[in-house]
Structures are given as C-alpha cells and as structure tokens.
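Structural description and commentary
Chain by chain, the residues run as shown.
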Amino acid sequence: APVTESTVPSVSSDVPRVVVQPFKSRTNDEELSSFAEDLTEDITSGLAQFSHLSVGASNSDSQSFQRFTVEGSLRKAGRTVRASIKLLETGSHVWAEQFDFDLDAGDVFEAQDVLTDRIVATLADPSGVLTRSLVAWVKQKDSALLSAHECVLWTFGYLQQWRRDEHLELRAALERAIEEEPAHAGARACLSMLYV
C-alpha cells in the first residue's frame, strides 16, 4: 500500500516537515518522465520509513511547518541518466549531489531501487545530511523545552561526537521528556544508550 500522511508515524508538530517535490524530467522523454514520477514516490516512501522525520506531501496545507525540501531533476544522454538531487532548508541549499546510471545496465526497477536507497540513506540515516540539519535545528532550542522526539534527534547528533557536558544536558532532557511522554519508545531507547 502506498505511504500516505495518515500511515506515517506521528511526530511532534513543531518538528520541521520534509517535503519531496515532484522530480522533473528535463526532456520530453516519456520513459524519463515516468521514471521521475516513480522516483519521487519511492523517495517519499523511503523517507517516511524513518520515525524521526515528518514527511509531508508537496501540496500539504501545513506550510507553516515546511522547512526542508528535497528537489530533483533527471536528464538523459543516450541511455545514461543523470539525477541531480538537492536538499533545501527554507530556500537555502544544504546539500546537492548527482547520480549517474545506465538504463541498459539492467532492470529499470533495479536502477530506481539503487538510486532511491542511496538518496534516502544519504539524507535520512542517523548520520545523514537531513538528520544532521534537524539536529542543528533542535540544538538551537532550550533543552528544557524539547519534546521526546526532539531529544531523539539530538541523541543522533550526540552519538556522532560525544561530549561530557552535552551528555549530562541530553540525559536530563530525555529524562524530563520521558516523564511527559512515557510511551515514547525512541526516547526510552536513547536514554538507555546514554545510561550504558
């Protein structure tokens, strides 16, 4: 079944929304246009699998929470396709990369899967570009006011570079957040890691 906003795990409403804009084909090639449409859907579905992200539709009414946008375009030379992908935060470039693949090298679905996996992992893994941007956003806030979800994001950043003073502040924030949201499994898991 397709992933829709109603099937995506709920996250705090104050966490910036990630929107995947429809990828564009720079040619009138029907095969490439179809590939771009499918790639948009696959990347949106892939990002929605990460519980630390709030993924919205490009036509979402919740524009006030939209902060991160993934955009992409495809162009073709012979049977080689170049996908240009970028991540924007309120209009400013955060990350951009190009991926090339050969349509004749194998199955089109395989190429689409490989490309989707690379893009989603680069953006959304705990050390991914998008996750690091969200961590930076969370760290600008007062730690005493963070939601459990925001504390989980902060933990991802902390695990990349451990600091004693940050450990104590993060632990206190997680303990407080769990008191307010005792059923938040992600926050409990993060606090367990800090205790260890």
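See the structure shown above.
Residues numbered from 1 in each chain as written. Predicted model: local features only at pLDDT ≥ 70, side-chain atom pairs only at ≥ 80, totals over all residues. Heavy atoms only, no water.

Considering the arrangement of structural elements, one finds Glu 89 in strand S5 (residues 80-89). On the basis of relative accessible area, Glu 89 is assigned to the buried category, the value being 18%. Only 2.6 Å separates the side chain of Glu 89 from the side chain of Arg 67, close enough to count as a polar contact. (Helix = DSSP H or I, 4+ residues; strand = E, 2+ residues; numbered from the N terminus. Buried < 20%, exposed > 50% of the residue type's maximum accessible area, 1.4 Å probe, protein only. Polar contact = N/O pair within 3.5 Å; in protein donor to acceptor, adjacent residues only side chain to side chain.)

Two descriptors summarise a pair of aromatic rings, namely the distance from one centre to the other and the angle between the planes of the rings. Enumeration according to the criterion identifies two aromatic pairs in this entry. Relative to Trp 162, the ring of Tyr 158 has its centre 5.7 Å away and its plane inclined at 20°; by these criteria the two rings are stacked. (Phe/Tyr/Trp six-rings, centres within 6.5 Å; stacked < 30°, edge-to-face > 60°.)

Bringing the pairing of strand S6 (residues 92-102) into the picture now. Judged from the 10 bridges that link them, S5 and S6 form a sheet pairing that is antiparallel. Its bridge partner lying in S6, Ser 84 is registered against Gln 98. (Pairing = 2+ DSSP bridges.)

With that settled, consider the packing of helix H1 (residues 30-48) against helix H2 (residues 108-124). It is at 9 Å that the axes of H1 and H2 come closest, and there the two elements cross at 40°. By the angle between their directions, the pair H1 and H2 is classed as oblique. Handedness of the H1/H2 crossing: right-handed. Listed contacts from H2 to Glu 31, Phe 35, Asp 38, Leu 39, Asp 42, Ile 43, Gly 46 and Leu 47 of H1 are Val 108, Ala 111, Gln 112, Leu 115, Thr 116, Ile 119, Val 120, Leu 123 and Ala 124. Partitioned by chemical class, the residues of the contact of H1 with H2 number 11 nonpolar, three polar and three charged. (Axes fitted to C-alpha atoms, helices over the stretch in contact; angles between N-to-C directions. Parallel < 35°, antiparallel > 145°, perpendicular 65-115°, else oblique. Left-handed = near helix turned anticlockwise from the far one by under 90°. Contact = heavy atoms within 4.5 Å. Nonpolar A, V, L, I, M, F, W, Y, C, P; charged D, E, K, R; others polar.)

Note on placement: Ser 84 falls in strand S5. Ser 84 sits in the buried class, given a relative accessible area of 16%. One polar contact links Ser 84 to Gln 98, side chain to side chain, over a distance of 3.4 Å. With sequence-adjacent residues up to four places away left out, Ser 84 is seen in contact with Glu 71, Gly 72, Ser 73, Arg 75, Glu 97 and Gln 98.

All right, on to helix H6 (residues 185-195) then. Of all the positions in H6, only Ala 187, Cys 190, Leu 191 and Leu 194 are classed as buried. The buried residues of H6 occupy an angular sector of 100° when the element is viewed end-on, so they sit on one face. Facing away from the buried side of H6 by over 90 degrees, the exposed positions are Ala 185 and Tyr 195. Tucked into the core, H6 has its buried residues touching helix H4 (148-158) and helix H5 (164-180). (Arc of directions from axis to C-beta.)

Moving on, we come to the pattern of salt bridges. In total, this model carries 11 salt bridges according to the counting rule given. In this structure, Asp 100 engages Arg 82 in a salt bridge whose closest nitrogen and oxygen atoms are separated by 2.7 Å. With a gap of 18 residues between them, Asp 100 in strand S6 and Arg 82 in strand S5 connect regions that are remote in the sequence. Accessibility expressed as a relative area gives 44% for Asp 100, which makes it partly exposed. Residue class for Arg 82 comes out partly exposed when judged on its relative accessible area of 29%. Residue Glu 166 pairs with Lys 139 through a salt bridge whose shortest N-O separation is 3.2 Å. A residue pair is termed long-range when its members are at least 10 positions apart, and Glu 166 in helix H5 and Lys 139 in helix H3 (residues 129-139) qualify at 27 residues. Exposure remark for Glu 166: the relative accessible area of 4% places this residue in the buried category. (Salt bridge = Lys/Arg side-chain N within 4 Å of Asp/Glu carboxyl O.)

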